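Chain by chain, the residues:
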Amino acid sequence: MSIYHLCSTHVATLKRPLHTQDNAGGVLKSFQTVYPMSDIPCTIQPVSAKEREAFAQANIMMSHRLYSATDFGAQNGDYVFINNQSTPGYHIVGMYDEAGRGQLFRLDLLEMHL
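Residues numbered from 1 in each chain as written. Predicted model: local features only at pLDDT ≥ 70, side-chain atom pairs only at ≥ 80, totals over all residues. Heavy atoms only, no water.

Engineer: Tell me about the confidence of the model for the protein chain, and name the residues and values.
Structural biologist: When pLDDT is averaged along the protein chain, the result is 84, and 94% of the positions lie at 70 or above. The weakest mean pLDDT in the protein chain belongs to helix α1 (residues 3-6) at 61; the strongest belongs to strand β4 (residues 64-68) at 93. (pLDDT = per-residue confidence, 0-100. Helix = DSSP H or I, 4+ residues; strand = E, 2+ residues; numbered from the N terminus.)

Engineer: Explain the environment of S30 residue by residue, including any values.
Structural biologist: Locating S30 in the fold gives a position in strand β2 (residues 27-33). Take S30: its relative accessible area is 30%, and that puts it in the partly exposed class. Each C-alpha atom of the pair S30 and L18 lies 5.1 Å from the other, and the pair is twelve residues apart in sequence. Excluding residues within four positions of it along the chain, S30 makes contact with R16, P17 and L18. (Buried < 20%, exposed > 50% of the residue type's maximum accessible area, 1.4 Å probe, protein only. Contact = heavy atoms within 4.5 Å.)

Engineer: Can you lay out the nonpolar core for me, pointing to particular residues and giving the numbers?
Structural biologist: By size, the foremost hydrophobic cluster in this structure holds 16 residues, and its most contacted members are L14, L66, F72, V80, I82, L107 and L109. Counting only elements with at least two residues in this core, the list comes to β1 (10-21), β3 (40-46), β5 (79-82), β6 (89-97) and β7 (105-112). No other element matches the three residues that β3 contributes to this core. If near-sequence neighbours (up to four positions away) are discounted, V80 is found in contact with A12, T13, L14, L66, G89, Y90, I92, L107 and L109. (Core = buried A, V, L, I, M, F, W, Y, C linked by side-chain atoms within 4.5 Å.)

Engineer: Give me the lowdown on the packing of aromatic side chains, citing residues and values where you can.
Structural biologist: Describing an aromatic ring pair means giving the distance of the ring centres and the angle of the ring planes. All chains considered together, the criterion is met by two aromatic pairs. Judged by centre distance (4.9 Å) and plane angle (70°), the ring pair of F31 and Y79 falls under edge-to-face. Note that F31 is positioned in strand β2 and Y79 in strand β5, a separation of 48 residues in sequence. With a relative accessible area of 5%, Y79 lands in the buried category. Both rings, one in F31 and one in F81, keep their centres 5.4 Å apart while their planes meet at 70°; by these two values the pair is edge-to-face. In this pair, F31 sits in strand β2 while F81 sits in strand β5, placing the two residues 50 residues apart along the sequence. By relative accessible area, F31 is classed as partly exposed at 26%. Members of the aromatic cluster, each reached through a chain of ring pairs, are F31, Y79 and F81. Here the basic side chain of K15 rests over the ring of F81, its NZ or CZ set 5.3 Å away from the ring centre. (Phe/Tyr/Trp six-rings, centres within 6.5 Å; stacked < 30°, edge-to-face > 60°. Lys NZ or Arg CZ within 6 Å of the ring centre and 35° of its normal.)

So this is what it looks like as structure tokens:
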């Protein structure tokens, strides 16, 4: 079974926060899709309670891991949305090339209800 097949149970869209100012001078937060990073095949899994606790002890908040055969080109602070849903969004807290060969990529995520 190929990595692509294993990593294709969902689709993900990478979005970057966009801050604009409203008429009263307040900040409006919206998201802009990072072209062409939409509908990328992936799989997403929650981390175990044991892993979550271990990361929390190191002051790292993480709730899920996303795996994909596609390099998202993500940046810290970007968000991932799964299956074209607007909520929950997942804040990217870590990015890794799992094997160092450019074939399997992992994003560590924190679930956010925006």
